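Next come the chains, spelled out residue by residue.
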Amino acid sequence: MTSELSNNPDSPELSQDTISATLEMHLEVDLDEQGQMRVGFTHEVSEVRRLLGVERALREFAKTKGSLCTFHPRTRLKAARMSMDPLLRFIREAALYHHDFGEVLPFHRLPPRCQALIEVADMFPEGDFVPARKLRLPEDDLPRFCVRMQRFEKELRAALRSPEIRAIENGRRRKCNKNYKAGATLLQACLVCCSRVLSVRVDLYYRKGSAMGYPNQTPEDRQAKAQQVLRQRNQLLKQVKMKYGRGLLGFMCKLEYGQHRGFHLHTWFILNGHDHQNAIGIGEDVGGLWRTLTMGEGHHFNCAKSDRYLHRGVGTLSADDSRIWTGFHLLLVYLTKTDELIEMELGDGTPVFTKSRLPKPSHWPGRPRSRAPCVNPYLNRRGDRKA
């Protein structure tokens, strides 16, 4: 079913802007045969692409009127037949496929429209959602099948147009923007404290084949590993704070889960740029602490070593540089990137996004600055600029 849906010619095209906002969630790092780091996409990329396509198709379907499935009776020249709009074909197949979504990303909740699609599809026989190219119905069954499809359309439109869908979407969007604004406030406070900051990004994960890196088999295993990775995350942040003391101005951390990668962390540390200038060295120190805490099962990817992060707010940055918030904005969006589409939850209410408290300005600020630090020009994650 997976390959059939992904290769379906009736699937709505996805815009590159929509895809790029979520694909970076699924970067994974492996060691090749020569021991060199190799960055690639996880297998969940296809799931996210498909999910975006279904979400977009359902938005279009909610705006349609009338039936997209029509029965044409037998005539003297033609046999009885049925015509179905490509949009409805795609939605029918997606309803059957997304029943298995929980096995792919068990710690995530589907978008409200996709969840409504599954709930409506459960009201009908599973055979009604067989791919159109495999659907073989006797001529006498075509009228009844068209009636069921028309009832499916009616029920689905009613569910998609319900106020509960909009309320859930607005709640997720507010949560994402809340995390974005909290991170932006922390970064602004760091720039007020120091005229020069050092930005360090490190991705932490578990080696393939290790106990934590092995794909989880049962919900109990996943919950136990979730609690373990949270304990290791808290221990790591505590040790980093002890190691760098007042030189560490702030940090942010996001916990994520992938079917093949398992649990992994995206961390971002902001340090005093006058005392610390070696982003690569500090990133390696954080990776070393992670390996020690995980007893050798952990591995890391130091973003400062990759050229693709040079212009994304990593390295030594001046607080009065007008371009600093361009990179900071991209990183903040990255840390809150998919919760609006597929929200991750651990079941016990533990937040997956955490940050430090706001740093306090020094009592001895030194020489007054000639230029004030730049202020975040963005209003939200979408990139709307202030007037």
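Cut-offs applied
- Residues numbered from 1 in each chain as written.
- Predicted model: local features only at pLDDT ≥ 70, side-chain atom pairs only at ≥ 80, totals over all residues.
- Heavy atoms only, no water.
- Axes fitted to C-alpha atoms, helices over the stretch in contact; angles between N-to-C directions.
- Helix = DSSP H or I, 4+ residues; strand = E, 2+ residues; numbered from the N terminus.
- Left-handed = near helix turned anticlockwise from the far one by under 90°.
- Contact = heavy atoms within 4.5 Å.
- Nonpolar A, V, L, I, M, F, W, Y, C, P; charged D, E, K, R; others polar.
- pLDDT = per-residue confidence, 0-100.
- Salt bridge = Lys/Arg side-chain N within 4 Å of Asp/Glu carboxyl O.
- Buried < 20%, exposed > 50% of the residue type's maximum accessible area, 1.4 Å probe, protein only.
- Core = buried A, V, L, I, M, F, W, Y, C linked by side-chain atoms within 4.5 Å.
- Expected span 1.5 Å × (residues − 1).
- Phe/Tyr/Trp six-rings, centres within 6.5 Å; stacked < 30°, edge-to-face > 60°.
- Pairing = 2+ DSSP bridges.
- Arc of directions from axis to C-beta.

Draft legend 1. Local environment of the packing of helix 8 (residues 163–193) against helix 11 (residues 324–335). Closest axis-to-axis distance for the helix 8/helix 11 pair is 10 Å, and the angle between their directions is 145°. Helix-helix and strand crossings are classified by hand; for helix 8 and helix 11 the assignment is right-handed. Each of Tyr 180, Gly 183, Ala 184, Leu 187, Gln 188 and Leu 191 in helix 8 lies in contact with helix 11, whose residues at this interface are Ile 324, Trp 325, Phe 328, His 329, Leu 332 and Val 333. For the contact of helix 8 with helix 11, the per-class residue count stands at nine nonpolar, three polar and no charged.

Draft legend 2. Broad picture of the confidence of the model for the protein chain. For the protein chain, per-residue confidence averages 78 on the pLDDT scale, and residues scoring 70 or more make up 77% of the total. Looking at the elements of the protein chain, mean pLDDT is at its lowest for helix 1 (residues 2–6), recorded as 35, and at its highest for helix 10 (residues 279–293), recorded as 93. With pLDDT under 50 throughout, residues 1–43 is counted as low confidence; its partners more than four residues away or in other chains account for 98 contacts.

Draft legend 3. Spotlight on the pattern of salt bridges. Evaluation of the coordinates by the stated rule reveals nine salt bridges. As a salt-bridge pair, Glu 169 and Arg 113 come within 2.0 Å of each other at their nearest N and O atoms. Of this pair, Glu 169 sits in helix 8 while Arg 113 sits in helix 6 (residues 112–121), and the two are 56 residues apart along the sequence. Under the relative-accessibility criterion, Arg 113 is labelled buried at 7%. Residues joined in a network through salt bridges with shared partners are Glu 55, Arg 59, Arg 113 and Glu 169.

Draft legend 4. Fine view of unusual backbone geometry. Positive phi values are uncommon outside glycine, yet Met 295 reaches one of about 55°. Relative to the helices and strands, Met 295 is located in the loop between helix 10 and strand 9 (298–302).

Draft legend 5. Up close: the packing of helix 6 against helix 7 (residues 142–160). Two elements in contact, helix 6 and helix 7, have axes whose closest approach is 10 Å; the angle formed by their N-to-C orientations is 145°. The way helix 6 lies across helix 7 gives a crossing that is right-handed. Residues Arg 113, Ala 116, Leu 117, Val 120 and Ala 121 of helix 6 touch helix 7, and the partners they reach there are Phe 152, Glu 155, Leu 156, Ala 159 and Leu 160. Considered class by class, the residues forming the contact of helix 6 with helix 7 number eight nonpolar, no polar and two charged.

Draft legend 6. Here's a closer look at the nonpolar core. Among the nonpolar cores identified, the biggest contains 34 residues, and Leu 255, Phe 263, Phe 269 and Leu 346 are the most heavily contacted of them. Mapped by element, the contributors of at least two residues to this core are strand 6 (196–206), helix 9 (219–244), strand 7 (248–258), strand 8 (262–272) and helix 10. A per-element tally of this core places helix 9 first, with seven residues. Among all residues touching Phe 269, those that are not within four sequence positions of it are Leu 198, Ser 199, Val 200, Leu 237, Val 240, Leu 248, Gly 250, Phe 251 and Val 286.

Draft legend 7. Main features of helix 11. For helix 11, which comprises twelve residues, the first-to-last C-alpha distance of 17 Å matches the rise-based estimate of 16 Å (1.5 Å per residue) to within 8%. Most of helix 11 sits inside the fold, with ten of its twelve residues counted as buried. For helix 11, the set of buried residues is Ile 324, Trp 325, Gly 327, Phe 328, His 329, Leu 331, Leu 332, Val 333, Tyr 334 and Leu 335.

Draft legend 8. Seen up close, the packing of aromatic side chains. A full pass over the atoms with the stated rule returns five aromatic pairs. Consider the rings of Phe 124 and Phe 152, whose centres lie 5.7 Å apart with planes at 85°: the pair is edge-to-face. Here the residue Phe 124 occupies a position in the loop between helix 6 and helix 7, and Phe 152 occupies one in helix 7, the gap between them amounting to 28 residues. Look at Trp 325 and Phe 328: their rings are 5.5 Å apart centre to centre, the planes differ by 90°, and that puts the pair in the edge-to-face class. With Trp 325 and Phe 328 both in helix 11 and three residues apart, this pair spans about one turn of that helix. Of the residues examined, Trp 325 reaches a relative accessible area of 1% and is grouped as buried. Taking relative accessible area as the criterion, Phe 328 reaches 1% and is therefore assigned buried.

Draft legend 9. Looking closely at the pairing of strand 7. With eleven of eleven residues buried, strand 7 is to be regarded as a mostly interior element. Of the pairings in the sheet, the one linking strand 7 to strand 8 comprises ten bridges and is antiparallel in character. Each bridged residue has a counterpart across the sheet, and for Gly 258 the counterpart in strand 8 is Gly 262. In the sheet, strand 7 pairs with strand 12 (residues 353–355) via three bridges, with the strands oriented antiparallel. Counted as the bridge partner of Met 252 is Lys 355 from strand 12.

Draft legend 10. Representation of helix 7. Along its 19 residues, helix 7 runs 27 Å from first to last C-alpha, staying within 8% of the 27 Å computed at 1.5 Å per residue. Buried within helix 7 we find Leu 142, Phe 145, Cys 146, Met 149, Phe 152, Glu 153, Leu 156, Arg 157, Ala 159 and Leu 160. The buried residues of helix 7 occupy an angular sector of 155° when the element is viewed end-on, so they sit on one face. Away from its buried face by more than 90 degrees, helix 7 exposes Val 147 and Lys 154.

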